[in-house]
Amino acid sequence: MSTSQPDASRPSETGTGGDRATPDDLLHARTGTEVSPEDLVLAAGRDVTPQNLEWARRKLADEGPSALDKLLP
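Sequence order sets the numbering: in each chain, residues are counted from 1 along the sequence as written. Where totals are concerned, whole chains, interfaces and linings use all residues; where local detail is concerned, this predicted model gives features only for residues with pLDDT of at least 70, and gives and counts side-chain atom pairs only at 80 or more. Based on all heavy atoms of the structure, the side-chain values leave hydrogens and waters out of the count.

Turning our eyes to something else, we now look at the overall build of the protein chain. In terms of helices and strands, the protein chain carries four helices and zero strands. Working definition: helices are DSSP H or I runs of at least four residues, strands are E runs of at least two. Numbering for both runs from the N terminus. Along the chain direction, N to C, the helices and strands of the protein chain fall in the order α-α-α-α. Buried residues are those whose accessible area, probed at 1.4 Å on protein chains only, stays under 20% of the maximum for their type, while exposed residues exceed 50% and partly exposed ones sit between those limits. Within the protein chain, buried positions represent 18% of all 73 residues. In this analysis, two residues are considered to be in contact whenever any of their non-hydrogen atoms come within 4.5 Å of each other. Considering only contacts within the protein chain whose residues lie at least 6 apart along the sequence, 44% involve residues at least 24 apart.

Shown next as structure tokens:
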């Protein structure tokens, strides 16, 4: 049985890039706001505990807000 729906398993051939990757600077989700230790803990996939918050505070002190960018795709 034929349908008019495009095959979802194939990448779209519309557009100019075809099989091009998204540039890294477009993948980061940080909005320019201050990064909190809680943000860093959650981005790392950890539970918000006093130990993990302390880890995040140290990491932010060492690396600054870019610590979050390193954890996110």
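Read on, since the account is not over.
Here we take up the nonpolar core. Formed by V35, L40, V41, L53, W55, A56, L60, A67 and L68, the largest nonpolar core amounts to nine residues. Elements that contribute at least two residues to this core include exactly helix 2 (37-43), helix 3 (50-63) and helix 4 (66-71). Per-element tally for this core: the top contributor is helix 3, with four residues. Those residues in contact with V41 that lie beyond four places of it in its chain are R46, D47, V48, N52, L53, W55 and A56. We call a set of buried Ala, Val, Leu, Ile, Met, Phe, Trp, Tyr and Cys residues a nonpolar core when their side-chain atoms join them within 4.5 Å.

As a further point, take the pattern of salt bridges. Whenever Lys or Arg places a side-chain nitrogen within 4 Å of a carboxyl oxygen from Asp or Glu, that contact is recorded as a salt bridge. On inspection of all chains with the given rule, the structure shows three salt bridges. Of the charged contacts in the structure, one is a salt bridge between E63 and K59, with a shortest N-O distance of 3.0 Å. Separated by four residues within a single helix, E63 and K59 lie in helix 3, roughly one turn from each other. Measuring nitrogen to oxygen at the nearest pair gives 3.3 Å for the salt bridge that ties E63 to K70. Here E63 falls in the partly exposed class, since its relative accessible area comes to 28%. When salt bridges that share partners are traced, they join K59, E63 and K70 into one network.

Let us look at helix 3. Here the expected length of a helix is defined as 1.5 Å per residue gap, with one fewer gap than residues. Taking 1.5 Å of rise per residue, the 14 residues of helix 3 would be expected to cover 20 Å, and the 20 Å separating its terminal C-alpha atoms lies within 8% of that figure. The set of residues buried in helix 3 consists of N52, L53, W55, A56 and L60. Projection of helix 3 onto a plane perpendicular to its axis shows the buried side chains occupying an angular sector of 155 degrees, all on one side. Turned more than 90 degrees off the buried face of helix 3, the exposed positions are P50, Q51, A61 and D62. Positive phi appears at G64, one or two residues downstream of helix 3, with a value of about 75 degrees. Relevant arc is that of directions from the helix axis to the C-beta atoms, nothing else.

Among the secondary structure elements, A67 is positioned in helix 4. Assessed through its relative accessible area of 0%, A67 is described here as buried. As a C-alpha pair, A67 and L40 span 27 residues in sequence and 7.6 Å in three-dimensional space.

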